[in-house]
Amino acid sequence: MSTAVRRFGAAHEVVEVEAAGMPRPGTGEVVVRMDLSAVNPSDLVTIAGAYRTRTPLPFRPGYEGVGTVVAVGPGVEDLRPGSRVLPIGTPGSWATHKVAEARWCFPVSDDIAREQAATMYVNPCTAWLMLHDRAAIRPGMRVIVSAAASEIGVMLVRMLNRAGLAPVVTVRRPDSAARLAGLAIERVLVGTPADFAPDLADVVRQGGADLVLDAVGGEVGLALSTVVRPGGQFIHYGLLSGVPLPPETWQRAPGIHFEMFWLRNWIHRQPRAEIEALLRRVEALIRSGTVASQIDSVFPLDEIGAALARVGSARRRGKVLLQP
Ligand SMILES: NC(=O)c1ccc[n+]([C@@H]2O[C@H](COP(=O)([O-])OP(=O)(O)OC[C@H]3O[C@@H](n4cnc5c(N)ncnc54)[C@H](OP(=O)(O)O)[C@@H]3O)[C@@H](O)[C@H]2O)c1
């Protein structure tokens, strides 16, 4: 069984389930029987057509999941049937079997629970890279995390806490803040910039922010950019609001270092050893609970319509997974 996207649109309307036989691996390829796959916001925006210039139709969706190698093509030396792997770098994880280049399959340690293995790539790797590769967090920094109740937002807050930092965070709704219970937070800004303007004014009075990690864009991203101190950093990595950052975000603050971070771009520029090293770090952080994902629900692949509806539900708490 597999899934396919033949036209761009809302995922619950355009993702089709179809019968698929056992594929054969070509040279340098393996077939991975998917054990568990994740649904991420990046899947939904790709299916909606946000990257249509580099996403020819039809395509097989799903960027993240864990599985087991069941067939090995000619020229593959490092993997054998039975190897537990993350097949990353290409979509196609919402399927019983995924054909992947062996060089894009990364081993997963046996002690990592399958729900955590299925979600250890997109969010944990992005969180680690933003804090330790793109920014260099250090004691005393003031960091702002937007949409902090999102899965990656909670991971960022936990990682900052481990480094001794209590960030300022934003959440969209008061009850979302419950996700952050028990974490060290300087202050929680709830709602829109109009609601939390006095808090931002306080941040400025106290010297401003050294680093903003923004996954919302639009007016929230713009407002947060105004409190970054000269020489500070603003990393934009998501568009939960659906509204791009207005150009004045970076035009009116020449002393601030702006950048966009996309995991996809990072991994395609790295040697394999760097990606492996990152995944071993993430495994250690999963074992300590720092980047463990909260799992909302697991749906059989043939109920993908219900799974995608659940992703859009306000009652969802954590990741929706697909059991192929
Ligand atoms: N650039 C990269 O490489 C990269 C990698 C990983 C993730 N990301 C991005 O990170 C973001 C979060 O991903 P995730 O997997 O953690 O998502 P998630 O857990 O599914 O996100 C759900 C959360 O987002 C919040 N949210 C939704 N729309 C919002 C809005 N308009 N304003 C503020 N908050 C909003 C929700 O708030 P409520 O609780 O109020 O509903 C909820 O807390 C996504 O944009 C994703 O694309 C980017």
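Residues numbered from 1 in each chain as written. Predicted model: local features only at pLDDT ≥ 70, side-chain atom pairs only at ≥ 80, totals over all residues.

A.B. asks: Can you walk me through the overall build of the protein in this structure?
C.D. replies: When helices and strands are tallied, the protein shows eleven helices and 15 strands. Projecting the C-alpha coordinates of the protein onto the three principal axes gives extents of approximately 60 × 40 × 35 Å. The buried share of the protein, taken over its 324 residues, is 40%. Long-range contacts, defined as pairs at least 24 residues apart, comprise 65% of the intrachain contacts of the protein with a sequence gap of at least 6. (Helix = DSSP H or I, 4+ residues; strand = E, 2+ residues; numbered from the N terminus. Buried ≥ 20, exposed ≤ 12 C-beta atoms within 10 Å, placed from the backbone. Contact = placed C-beta atoms within 7 Å.)

A.B. asks: Is there a simple way to think about the environment of Pro244 in this case?
C.D. replies: Looking at the secondary structure, you find Pro244 in the loop between β12 (228-236) and α8 (248-251). The exposure class assigned to Pro244 is exposed, which follows from the 12 C-beta atoms found within 10 Å. For the pair Pro244 and Gly9, spaced 235 residues apart in the sequence, the C-alpha separation amounts to 19 Å.

A.B. asks: Can you walk me through the pairing of strand β14 (residues 295-300) in this structure?
C.D. replies: Pairing analysis gives five bridges linking β14 to strand β15 (residues 319-323), with the strands arranged parallel. Across the sheet, residue Phe299 finds its bridge partner in β15, namely Leu322. (Pairing = 2+ DSSP bridges.)

A.B. asks: Looking at this structure, I do not really get the site of the ligand. What am I missing?
C.D. replies: Around the ligand, a shell composed of 24 residues is seen, among which Ser150, Glu151, Ser176, Gly238 and Leu263 lie nearest. Mapped onto the shell around the ligand, the elements with two or more residues apiece are α2 (41-48), α4 (122-134) and α5 (151-162). By residue class, the composition of the shell around the ligand is 13 nonpolar, eight polar and three charged. Domain assignment of the residues forming the shell around the ligand places at least three in each of domain 1 (2-120 + 293-323) and domain 2 (126-264). (Near = placed C-beta within 6 Å. Nonpolar A, V, L, I, M, F, W, Y, C, P; charged D, E, K, R; others polar. Domains from an automatic or database assignment.)

A.B. asks: Please explain the pairing of β15 as it appears in this structure.
C.D. replies: For a regular strand, side chains alternate in direction, first toward one face of the sheet and then toward the other. Summarising burial for β15: four of the five residues are buried, a large majority. Taken together, β14, helix α11 (residues 304-311) and β15 form a β-α-β motif whose crossover is right-handed. (Right-handed = clockwise from strand over helix to strand, strands pointing away.)

A.B. asks: Can you walk me through α5 in this structure?
C.D. replies: One turn of an α-helix holds 3.6 residues; hence residues three or four places apart share an orientation. For α5, spanning twelve residues, the distance from its first C-alpha to its last is 17 Å, which sits close to the expected 16 Å at 1.5 Å a residue. Among the twelve residues in α5, ten count as buried, and that is most of the element. Every buried residue of α5 is accounted for by Glu151, Ile152, Gly153, Val154, Met155, Leu156, Val157, Arg158, Met159 and Leu160. Looking at the buried residues of α5, the elements they touch are α4, β8 (143-145), β9 (168-171), β11 (209-214) and β15. Looking one or two residues beyond α5, the residue adopting positive phi is Gly164, at roughly 85°. (Expected span 1.5 Å × (residues − 1).)

A.B. asks: Even after reading the chapter, I still don't get the nonpolar core, so can you show me in this structure?
C.D. replies: As a rule of thumb, soluble globular proteins bury nonpolar side chains together. The biggest cluster of nonpolar side chains holds 85 residues, and the ones touching the most others in it are Ala127 and Leu156. Of the domains in this structure, domain 1 (2-120 + 293-323) and domain 2 (126-264) are the two that each give at least three residues to this core. Residues within four places of Ala127 in sequence aside, it is in contact with Ile152, Met155, Leu156, Met159 and Val291. (Core = buried A, V, L, I, M, F, W, Y, C linked by C-beta atoms within 7 Å.)

A.B. asks: Before we go on, may I ask you to explain the sheet that holds strand β13 (residues 257-260) in this structure?
C.D. replies: The strands making up a sheet associate through backbone hydrogen bonding, with each pair oriented either parallel or antiparallel. In space, the six strands of this open sheet follow the order β10-β9-β8-β11-β12-β13, with parallel pairing throughout. Sheet topology places β10 (187-190) and β13 at the edges, where each strand pairs with a single neighbour. Sheet twist, expressed as the mean angle between neighbouring strand axes with direction ignored, is 15°. Pairing of β8 with β11, which is carried by three bridges, proceeds in the parallel orientation. Looking across to β11, one finds that Ile144 is bridged to Val212. The sheet contacts of helix α6 (residues 193-205) involve β9, β10 and β11, and relative to β10 the element is tilted by about 145°. (Axes fitted to C-alpha atoms, helices over the stretch in contact; angles between N-to-C directions.)

A.B. asks: Please clarify how helix α7 (residues 218-225) should be interpreted in this entry.
C.D. replies: Counted residue by residue, α7 has six buried out of eight residues, so it is predominantly covered. Val220, Gly221, Leu222, Ala223, Leu224 and Ser225 are the residues of α7 that are buried. If you follow the buried residues of α7, they end up packed against β8, β9, α6, β11, β12 and α8.

A.B. asks: Please explain unusual backbone geometry as it appears in this structure.
C.D. replies: Generally, phi is negative for residues other than glycine and the peptide bonds are trans, each holding for most cases. Here the residue pair Leu57 and Pro58 is connected by a cis peptide bond, since its omega of -10° sits within 30 degrees of zero. When you line up the elements, Pro58 lands in the loop between α2 and β4 (65-72). Even without being glycine, Ala147 reaches a positive phi, approximately 50°. With respect to the secondary-structure elements, Ala147 resides in the loop between β8 and α5. Accessibility expressed as a C-beta count within 10 Å gives 23 for Ala147, which makes it buried.

A.B. asks: Hey, could you run me through the environment of Ala71 in this one?
C.D. replies: Take Ala71: it is sitting in strand β4. For the pair Ala71 and Val99, spaced 28 residues apart in the sequence, the C-alpha separation amounts to 9.3 Å.

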